[in-house]
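# Results of the structural survey
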Amino acid sequence: MSDQTSATAALATAGSVPARALVPMYREAWEANGGPVACDVHPDEVASYRRGGWRVAPVEQPPARAASDRKGGK
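In this text, all values refer to a predicted model and were calculated from it rather than measured experimentally. (Residues numbered from 1 in each chain as written. Predicted model: local features only at pLDDT ≥ 70, side-chain atom pairs only at ≥ 80, totals over all residues. Heavy atoms only, no water.)

### Examining the side chain of Arg 27
Put simply, the rule is: Put simply, DSSP H or I for four residues or longer makes a helix, DSSP E for two residues or longer makes a strand, and each gets a number counted from the N terminus. Exposure classes here rest on a 1.4 Å probe applied to the protein chains alone. A residue is buried below 20% of its type maximum, exposed above 50%, and partly exposed in between. The positive count covers Lys and Arg only, the negative count covers Asp and Glu only, and His and the chain ends enter neither. Definition used for salt bridges: Asp or Glu carboxyl oxygen within 4 Å of a side-chain nitrogen of Lys or Arg. In the analysis that follows, any N or O atom pair within 3.5 Å is treated as a polar contact, provided that within protein one partner can donate a hydrogen and the other can accept it, and provided that, for residues neighboring in sequence, both atoms belong to side chains. Whether two residues touch is decided by their heavy atoms; if any such pair falls within 4.5 Å, the residues are in contact.
Position of Arg 27 among the secondary structure elements: in the loop between strand E1 (23–26) and helix H2 (29–32). For the buried Arg 27, no salt bridge exists, and the shortest N-O distance to an oppositely charged side chain is 6.4 Å, to Glu 31. Here Pro 36 takes part through its backbone oxygen, which lies 2.8 Å from a polar atom of the side chain of Arg 27. Excluding anything up to four places from it in sequence, Arg 27 contacts Ala 32, Gly 35, Pro 36, Val 37, Gly 53, Trp 54 and Arg 55.

Put into C-alpha coordinates, the structure is as follows:
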(Lines give C-alpha, C1' and ligand atoms only; values in the text may rest on other atoms or scores of the structure.)
Protein backbone atom coordinates (compact mmCIF):
# COMPACT_ATOMS: atom_id res chain seq x y z
CA MET A 1 0.00 0.00 0.00
CA SER A 2 1.44 3.40 -0.92
CA ASP A 3 2.01 6.11 1.67
CA GLN A 4 -0.79 8.25 0.26
CA THR A 5 -3.24 5.34 0.22
CA SER A 6 -2.41 4.41 3.80
CA ALA A 7 -2.69 8.07 4.87
CA THR A 8 -6.11 8.35 3.21
CA ALA A 9 -7.23 5.14 4.87
CA ALA A 10 -6.04 6.43 8.24
CA LEU A 11 -7.97 9.68 7.75
CA ALA A 12 -11.11 7.81 6.73
CA THR A 13 -10.81 5.66 9.82
CA ALA A 14 -10.37 8.76 11.97
CA GLY A 15 -13.52 10.31 10.49
CA SER A 16 -11.83 13.21 8.66
CA VAL A 17 -12.87 11.94 5.23
CA PRO A 18 -16.64 11.58 4.84
CA ALA A 19 -17.70 8.07 3.90
CA ARG A 20 -19.86 7.71 0.80
CA ALA A 21 -23.30 6.32 1.45
CA LEU A 22 -24.59 3.43 -0.62
CA VAL A 23 -27.63 3.98 -2.83
CA PRO A 24 -30.52 1.54 -2.31
CA MET A 25 -31.84 0.19 -5.62
CA TYR A 26 -34.53 -2.31 -6.60
CA ARG A 27 -36.18 -4.08 -9.51
CA GLU A 28 -39.45 -5.95 -9.85
CA ALA A 29 -39.45 -9.69 -9.19
CA TRP A 30 -40.56 -10.46 -12.75
CA GLU A 31 -37.53 -8.49 -14.04
CA ALA A 32 -35.11 -10.33 -11.77
CA ASN A 33 -35.72 -13.76 -13.33
CA GLY A 34 -34.86 -15.47 -10.05
CA GLY A 35 -32.09 -13.03 -9.13
CA PRO A 36 -31.94 -10.39 -6.41
CA VAL A 37 -34.61 -7.68 -6.29
CA ALA A 38 -32.82 -5.19 -4.01
CA CYS A 39 -29.25 -4.06 -3.49
CA ASP A 40 -27.11 -1.25 -2.12
CA VAL A 41 -24.93 0.29 -4.82
CA HIS A 42 -21.87 2.55 -4.67
CA PRO A 43 -22.82 6.02 -6.04
CA ASP A 44 -20.34 5.67 -8.92
CA GLU A 45 -22.12 2.51 -10.13
CA VAL A 46 -25.74 3.80 -10.13
CA ALA A 47 -25.71 4.64 -13.86
CA SER A 48 -24.49 1.13 -14.72
CA TYR A 49 -27.23 -0.49 -12.64
CA ARG A 50 -29.89 1.78 -14.20
CA ARG A 51 -28.86 0.54 -17.64
CA GLY A 52 -29.51 -2.97 -16.32
CA GLY A 53 -33.09 -2.13 -15.33
CA TRP A 54 -32.54 -1.23 -11.66
CA ARG A 55 -34.28 1.81 -10.13
CA VAL A 56 -33.29 3.97 -7.18
CA ALA A 57 -35.50 3.14 -4.21
CA PRO A 58 -37.61 6.03 -2.94
CA VAL A 59 -36.26 7.62 0.20
CA GLU A 60 -38.78 7.58 3.01
CA GLN A 61 -38.99 10.85 4.88
CA PRO A 62 -39.13 10.65 8.66
CA PRO A 63 -42.49 11.72 10.08
CA ALA A 64 -42.73 15.42 10.74
CA ARG A 65 -42.63 16.39 14.38
CA ALA A 66 -45.70 18.17 15.64
CA ALA A 67 -45.10 21.65 16.95
CA SER A 68 -44.90 21.75 20.68
CA ASP A 69 -47.90 23.21 22.52
CA ARG A 70 -45.59 24.49 25.23
CA LYS A 71 -45.06 28.21 25.25
CA GLY A 72 -42.04 28.08 27.48
CA GLY A 73 -41.77 29.01 31.08
CA LYS A 74 -41.24 26.86 34.10
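There's plenty left to go through after this.
### Quick word on the sheet that holds strand E2 (residues 38–41)
Note the threshold: DSSP bridges decide pairing: two strands pair if at least two such bridges lie between them.
What the three strands build is an open sheet, ordered E2-E1-E3; its pairing is antiparallel. Both outer strands of the open sheet, E2 and strand E3 (55–56), are each paired with one neighbouring strand and no more.

### Side note on the packing of aromatic side chains
Cut-off, in case you're wondering: Pairing of aromatic side chains here covers Phe, Tyr and the six-membered ring of Trp, requires ring centres within 6.5 Å, and sorts the geometry by plane angle: under 30 degrees stacked, over 60 edge-to-face, intermediate tilted.
In total, this model carries one aromatic pair according to the counting rule given. When the centroid spacing of 5.9 Å and the interplanar angle of 65° are considered together, the rings of Tyr 49 and Trp 54 count as edge-to-face. Taking the relative accessible area as the measure of exposure, Trp 54 reaches 10% and is therefore buried.

### Re unusual backbone geometry
The backbone of Asn 33 shows a phi angle near 55°, a positive value even though the residue is not glycine. Tracing the backbone shows Asn 33 in the loop between H2 and E2. Using a relative accessible area of 74% as the deciding quantity, one classes Asn 33 as exposed.

### Topic: the confidence of the model for the chain
Rules: Note on scores: pLDDT gives the predictor's confidence for each residue, bounded by 0 and 100.
In this model, the chain carries an average pLDDT of 75, and 61% of its residues clear a pLDDT of 70 or more. Of the regions scoring below 50 in pLDDT, residues 1–17 engages in four contacts with residues more than four places distant in sequence or in other chains.

### Quick notes on the nonpolar core
Inclusion rule: As used here, the term nonpolar core means buried Ala, Val, Leu, Ile, Met, Phe, Trp, Tyr and Cys residues forming a set that is joined through side-chain atoms within 4.5 Å.
Formed by Val 23, Met 25, Cys 39, Val 41, Val 46 and Trp 54, the largest nonpolar core amounts to six residues. Among the secondary structure elements, those contributing two or more residues to this core are E1 and E2. Discounting residues that sit within four places of it in the chain, Val 46 has contacts with Val 23, Met 25, Val 41 and Val 56.

### A word on the pattern of salt bridges
Charged atoms that come close allow side chains of opposite charge to pair. Tallied over the entire structure, the rule returns two salt bridges. Ionic pairing is found between Arg 55 and Glu 31, a salt bridge with its closest N-O pair at 3.3 Å. Taken as a pair, Arg 55 in strand E3 and Glu 31 in helix H2 lie far apart in primary sequence, 24 residues in all. Judged by its relative accessible area of 30%, Arg 55 is partly exposed.

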